[in-house]
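A closer look at the structure
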Amino acid sequence: QVAAVNKYDPPQEVAASQDHMTHIMYSMMQPQHIFNSTLPSLDAPYPMLVLTGPLACWKRELCHRLCRKFNNYFRYSPCHTTRSPYFGEENKLDYHYVSQEEFDKMVNT
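Residues numbered from 1 in each chain as written. Predicted model: local features only at pLDDT ≥ 70, side-chain atom pairs only at ≥ 80, totals over all residues. Heavy atoms only, no water.

**Quick look at a nonpolar patch on the surface**
On the surface, a nonpolar cluster with roughly 340 Å² of combined accessible area is contributed by Met25, Tyr26 and Met29. Mapped onto the elements of the fold, Met29 is located in helix H2 (residues 12-29). For Met29, a relative accessible area of 57% translates into the label exposed. (Patch = residues over 30% accessible without salt bridge, like charges linked within 9 Å, V, L, I, M, F, W, Y side chains within 5 Å. Areas by Shrake-Rupley, 256 points an atom, 1.4 Å probe, with all protein chains shown as cover. Salt bridge = Lys/Arg side-chain N within 4 Å of Asp/Glu carboxyl O. Helix = DSSP H or I, 4+ residues; strand = E, 2+ residues; numbered from the N terminus. Buried < 20%, exposed > 50% of the residue type's maximum accessible area, 1.4 Å probe, protein only.)

In structure tokens form, the structure reads like this:
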């Protein structure tokens, strides 16, 4: 009975999250554009684009696509991580794998 009531009269949080998921899905389906005005000039010595986001949100895949498409502007620089490599990942190619102690030392310097 609770499921039936929630199906036809969901709480506001449920309706809002469903609307948000629908919006995200449709926005991801739209063609993505990078405008020339956002790209650095060739005179810039070290243009840097930092991608941040939650775990497993395809940051690295997006980074690789940007580097392939705009290879005159960007180069891929692997991040440092304290986790162990997944199958097929290589040190200094996918990530710089370091211990927690090394990572803490880098953060504190």
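Okay, back to it.
**Topic: the confidence of the model for the protein**
Residues at a pLDDT of 70 or more form 79% of the protein, whose mean pLDDT is 79. When mean pLDDT is compared element by element in the protein, helix H4 (residues 100-108) scores highest at 92, while helix H1 (residues 2-8) scores lowest at 58. (pLDDT = per-residue confidence, 0-100.)

**Re the state of the cysteines**
Under the counting rule described, the total for this entry stands at 0 disulfides. Take Cys63: it sits in no disulfide, and the sulfur closest to it among the cysteines is that of Cys67, at 4.2 Å. (Disulfide = S-S within 2.5 Å.)

**Notes on the pattern of salt bridges**
Evaluation of the coordinates by the stated rule reveals 4 salt bridges. When the shortest N-O distance is used, the salt bridge between Glu89 and Arg60 registers 3.6 Å. Residue Glu89 is found in the loop between strand S1 (79-81) and strand S2 (95-97), and its partner Arg60 is found in helix H3 (residues 59-69); the two are separated by 29 residues along the sequence. Judged by its relative accessible area of 28%, Arg60 is partly exposed. In this structure, the salt-bridge partner of Glu89 is Arg83, at a minimum N-O distance of 3.0 Å.

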